[in-house]
Each structure stands twice: as C-alpha cells, then as structure tokens.
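Observations on the three-dimensional arrangement
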Amino acid sequence: MDLLQSYTDQNNEDGSPEQVASSPEASPPRLLPAKTSAPKVDDTMLALTVANANQTLSKPIDPTQHLVAFNPTYDQLWAPIYGPSHPYAKDGIAQGMRNHKLGFVEDASIEPFVFDEQYNTFHKYGYAADPSASAGNNYIGDMEALQKNDAISVYNIPQHEQKKRKIEKKKEMSENEDVEEDLNLAEVDNPASDVWLMKNRKSPWSGKKEGLETELTEEQKKYAEEYAKKKGEEKGSEKGEVTADKSTFHGKEERDYQGRSWISPPKDAKATNDHCYIPKRLVHTWSGHTKGVSAIRFFPKHGHLILSAGMDTKVKIWDVFNSGKCMRTYMGHSQAVRDISFCNDGSKFLTAGYDKKIKYWDTETGQVISTFSTGKIPYVVKLNPDDDKQNILLAGMSDKKIVQWDMNTGQITQEYDQHLGAVNTITFVDNNRRFVTSSDDKSLRVWEFGIPVVIKYISEPHMHSMPSISVHPNTNWLAAQSLDNQILIYSTRERFQLNKKKRFAGHIVAGYACQVNFSPDGRFVMSGDGEGKCWFWDWKSCKVFRTLKCHDGVCIGCEWHPLEQSKVATCGWDGLIKYWD
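Residues numbered from 1 in each chain as written. Predicted model: local features only at pLDDT ≥ 70, side-chain atom pairs only at ≥ 80, totals over all residues. Heavy atoms only, no water.

Worth spelling out the cut-off: UniProt positions are given in the numbering used here, feature names are shortened, and annotations may be inferred rather than shown by experiment.
Identification of the chain as Pre-mRNA-processing factor 17 from Cucurbita maxima is taken from an unreviewed UniProt entry. Its UniProt record, at the heading Subcellular location (unreviewed entry), says of the chain: "Nucleus".

Okay, structure coming up:
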C-alpha cells in the first residue's frame, strides 16, 4: 500500500506517468517480444498509395510483383506500365516521352466505322473530326469546306442532297443520249470505235479494244485441230468410253494331250502338312503390268494360278506351279481395275474398274459373260460364297450403297443403303448368313444377307477407316486394317466386339488400302505397308515375327498360298508381283 501511495504521489507531482523513474521496488519490465502469426507484408506500396492519395495520377501496380498486398483502385490496375527500359533499348526511358516499356501509349479508342467515316470525309471534303477533342465538336482541316457543307460526312448526306444528285445524273445521261444521236451513224455501227464500245458495253471490262481478227496460220490451224481432237477424246473417256472386250492367250496350247484345260489344277497339288512357315527369300518375280498392281488373288483351293488386277486397265493370270509365265490377259476396262474376285471353283471371276463397270469373265476362254453398272465406281465386288448362290453379286459403290444383282437376270434385287461414305469391303461371316461392310465413314455395319437393315453398327470416336478386312481361318475373328497404322480384331459372334487384347502394329499404312491376310493355319497375320514391306505377326503373342522388304513404293496386296505353307505372293505399285518362299 505504501508503494502504491508513493507512486500516485509522484504521478500527481510531475503530471505524467512517463516521467516516473523506475525504482528497484517497481514491477520488473516484460522482456518477451510480441509474436504474430500473420505473414510479413511489403507495405511500401501501401505507404506510397497513402502518401499519394491526394494526387490525381496514382502509382500503378509493379508488374514484377507476384502478390498484391492491398486493394488497388481501378486506376491503379489499368494504369500504363512504368518500369525498367526495354531489354534492347540502350538509352533507358526518355522521361516525358514514354509511359510504356515499348514507347508512348495514348488513352484513345476509335471504332472502325468511325475511323473509315472520318478518313473518307477528309479525303473527299478536306476536313474531319478531331479524335483528341473531348467535346467531339472540334474539327481539323479545311474550315471553309466545313462551313459550306454543314459539317456533313460521306456517310451522312442529307436526303435533299441525294435527290439533287440523282436529278443531275439523269440530266447527264439524257445529254449523252442527245449527243449520241447527233453522231455519225457510221461511227455507231463500227465496232472498232469508242462510241460503239460505250453504247454496247455490258460489263466494266468490255470497254477494251481487241485486236482485229486475222486468219490463222497453217501451224496454228493444225494445233487447234489436235487440241479439239484431244478434248473430244477426254470427253469420251469421261462419259465411259466403250472398250472392246478381248483376251489374249499367251500359253503354248489351251488344252494338253489328254484334253485337259490349262486352268485345271495339277493332280499332285495337295497340302504336305498343316504347319505354316514364314518365307525368307524371293523365288520368282512376275513383271507384265506397265503400271501398279492393285490386287492379287490365288486360284481357289489349289493356288496353281494367280490373278492380278493392274492400273494399266488389264487383268492378267499367271502360272505358279510350272512355267511361271503369263497365261492370259483380259482387256475390257477403259480405266484402272480396282478389285477382282474368283467364284468358288475358279472357272469365272469378277473385275471392278474405275470406268464404273463390273465385268464377269470366263477364266478359260477370256470372254465377258455379263457387264453391270450403276453409273458409280465399284470399290469392292464379291460373289455369295454359298455354292447354290453363285449367281448373286454384291458390289460396294462410291455412292455409299451396296448393290446386289442376280446375274442370271441382270436385275438389281437389293440395295443396302445405310453407309455415309464410299463402301470399301464386303466380308461374309456366320456361315454366309451375314456380311460385314466397312466404309469411309469410319464405321462397320453388319447386315443379314438379303435384308437391307443394319443389325449391328460399330462406330467409335477413336475409330479410323478400315479399307481391308479378312476372316481368320477358324471364322471366329475378323482382322481389320485400320488407317491409324494398326490391325484391329473383331469377333464374328453375336456381339461383333473389339478384342482389346489383340492389336497388331508397327507398319505404316495410313492413306493406303493395304491388304491384311492370314496364314492357312491361322498362326500368322500378314500385311503390306506404305514403305514396300510385308509384315508378319504371331497371332497369339501379337509380336512382329518378320518383315520383308518386297517392293519399291507401296506393297498393296499379299496372299498366302492355299496349299504350299511357306509361300507368299505380294504385289505393289511398282508393277511387280513377287513370290516368296
């Protein structure tokens, strides 16, 4: 109590508690510093903002700052950037000249229409509105013209002025007509005169005087005739030029001493075993086509002959077993042949050409049995594989349809019209009761044979076009060549599901309809590619087994021999067909 009393007495005598000296009897001072959990804030900007609050132009935000530690005003956010000079400018910022690191920025904005209006007004009348004037009424340029025209712009002409101009234009036209009547009639009738040109002018470009026509020289006449003849030939080929169907036999004789035809298979042709091997070396090359070969097909079941479709409009058949020579050439198409297909016994075959025709040939005699056309390009042709339906032809067309003909009557019996792009493949599955088609619309569609209704539609966002499809020898799987450089496998069961575990890749086929195929025992998958290679994959492991460099350019087709398990034929756009063992 005595201590408290003495403290109050001292306080009352001196008048302020700050002047009281600390005595040894007083409470000890606190030595612990104050702590805060708030982060350290750079308050330099805040201090500057408070200091310059009364100024009209406030400091902008530092662009190098990653964190704003206060609430800036709108003017501070949108103020021009002051700061270090441009890295390539040696002189730094010239004060008073720059308010931006790239130069001087003015606070001015003008609409494109307003700019065009003032620009054209200035060029026509000599005055324009001053964009820097705040009121918008100040003008620059010719002030006398401004007063004379009442400050109108080119886009703001008064109605009475428009009427006045129309009347003046009409007067000018009538005066010109009066002048023309007074002119010499000979001048009016003379096409070389300016008067005739002006009177008969139909377009802005027809006022030009052209040189007088002179007679052509003999050389020019000859060239004109040749050009007209060439044009006529081109038009004829466009319309579908009629080409005579003919065939040439190249063998020694069409029948042997026993009376057997040259297409009959050798008696000793049979499979030695069921195990297939990958070929290693080239054993034969057939070179008879003058352009690329687009497809090859072995003779069904025996493979003693091989049929080839060329881009030189010809179809050729070659001997595989004996001489290795071309046996017959079939000429009937006027443009490149796209696809070929044998019937079950090989005695007849189909060809589809870019001349929009499908021809049915007799293999032995080379005669055309019948011709079909819808006026569209057929991309794929197939006969129904059933022995009792070998008269039914299916063709995938460029106009998105699959057309079905009865070849006995020549009539179209069905049209399957659901695709959204040109049809590329037709593949029969499920004991030939159904068929799968692929198209440029990047989808697969499954049809019941004879019923034009899709029973299964496969289309995913990741899918690409599939220009070639083959069936596995066990008929449970389809291999589809996808244009994203892989071969996809689909089941042929009810669901037609993608087998995600099986995928064959490594080759480059994007943009080419390279054929995909299987070995007869189903152990290997094979395909050509765009670089001229033939690829072989193991069916079970999906690993690349071997690659062969087969052709210069694209290796478009590959077929495994049906009987000889280690032999493969390939064809390419270099015009060659190669046989590998």
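1. Here's the deal with the confidence of the model for the chain
Rules: Scored from 0 to 100, pLDDT reflects the predictor's confidence in each residue. Helix and strand assignments follow DSSP, with helices taken as H or I runs no shorter than four residues and strands as E runs no shorter than two, numbered in order from the N terminus. Contacts: residue pairs with any heavy atoms within 4.5 Å of one another.
For the chain, per-residue confidence averages 81 on the pLDDT scale, and residues scoring 70 or more make up 76% of the total. Per-residue pLDDT, averaged within each element of the chain, yields its smallest value for helix H1 (residues 2-14) (55) and its largest for strand S13 (residues 378-383) (94). Overall, residues 15-24 carries pLDDT values under 50, and its contacts beyond four positions in sequence, including any with other chains, amount to six contacts.

2. Quick word on the environment of Pro467
Note that Pro467 resides in the loop between strand S20 (454-458) and strand S21 (468-471). For the pair formed by Pro467 and Ser439, sequence separation is 28 residues and the distance between their alpha carbons is 7.2 Å. Not counting chain neighbours up to four residues away, the residues in contact with Pro467 comprise Asn424, Thr425, Gln481, Leu483, Tyr512 and Ala513.

3. A few points about the pattern of salt bridges
Selection rule: The term salt bridge refers to a pairing of a side-chain nitrogen on Lys or Arg with a carboxyl oxygen on Asp or Glu at a separation within 4 Å. Whether a residue is buried, partly exposed or exposed follows from its accessible area with a 1.4 Å probe, protein chains only, as a fraction of its type maximum: under 20%, in between, or over 50%, in that order.
Summed over all chains, the structure comprises 13 salt bridges. For the salt bridge of Arg328 with Glu254, the shortest nitrogen-to-oxygen distance reads 3.2 Å. Separated by 74 residues along the polypeptide, Arg328 in strand S8 (residues 326-331) and Glu254 in the loop between strand S3 (246-249) and strand S4 (282-286) bring together distant segments of the chain. With a relative accessible area of 35%, Glu254 lands in the partly exposed category. Residues Arg434 and Asp430 are paired through a salt bridge, measuring 3.7 Å at the closest nitrogen-oxygen approach. Classification of Asp430 as partly exposed rests on a relative accessible area of 24%.

4. Here we look at the side chain of Lys359
Tracing the sequence through the fold places Lys359 in strand S11 (residues 358-362). If sequence neighbours within four positions are ignored, Lys359 has contacts with Asp245, Gly332, His333, Phe349, Leu350, Thr351, Val368, Ser370 and Thr371.

5. Comments concerning the sheet that holds strand S30 (residues 568-572)
Selection rule: Pairing between strands requires that DSSP locate at least two bridges from one strand to the other. What counts as an axis is a line fitted to C-alpha atoms, over the stretch in contact for a helix, and the angles between N-to-C directions run from 0 to 180 degrees.
As summarised here, the arrangement of the four strands in space is S4-S31-S30-S29, forming an open sheet in which the pairing is antiparallel. Sheet topology places S4 and strand S29 (555-560) at the edges, where each strand pairs with a single neighbour. Across the sheet, the axes of successive neighbouring strands diverge by a mean angle of 20°, strand direction being ignored. Across four bridges, S4 lies against strand S31 (residues 577-580) in antiparallel orientation. Bridged to His284 within S31 is Tyr579.

6. Considering the packing of aromatic side chains
Note the cut-off: For Phe, Tyr and Trp, rings pair up if their centres lie within 6.5 Å, where Trp contributes its six-membered ring, and each pair is then called stacked (planes under 30 degrees apart), edge-to-face (over 60) or tilted (otherwise). Only Lys NZ and Arg CZ are tested; either one counts as a charge over a ring when it is within 6 Å of the ring centre and within 35 degrees of the ring normal.
All chains considered together, the criterion is met by 28 aromatic pairs. Between Trp286 and Tyr579 the ring centres are 5.7 Å apart and the planes differ by 40°, which places this aromatic pair in the tilted class. Of this pair, Trp286 sits in strand S4 while Tyr579 sits in strand S31, and the two are 293 residues apart along the sequence. Pair check on accessibility: Trp286 and Tyr579 agree, each one buried. Aromatic side chains Tyr330 and Trp361 sit 5.5 Å apart centroid to centroid with 65° between the ring planes, which places their arrangement in the edge-to-face category. Of the two residues, Tyr330 is situated in strand S8 and Trp361 in strand S11; the sequence distance between them amounts to 31 residues. For the pair formed by Tyr330 and Trp361, the shared burial category is buried. Over the face of the ring belonging to Trp539 we find Lys502, whose NZ or CZ atom lies 4.7 Å from the ring centre.

7. A closer look at the pairing of strand S14 (residues 392-397)
Here is the key point about a regular strand: its side chains alternate between the two faces of the sheet. Extensive coverage of S14 is indicated by the burial of six of its six residues. Along S14, one buried face is formed by Ile392, Leu394 and Gly396 and the opposite face, lined by Leu393, Ala395 and Met397, is buried too. Both S13 and S14 contribute to a ladder of five bridges, which runs antiparallel. Considered in S14, the bridge of Leu383 is made with Leu393. The hairpin turn running from S14 into strand S15 (residues 402-406), its antiparallel successor, is four residues long, and Lys400 in that turn takes a positive phi close to 75°.

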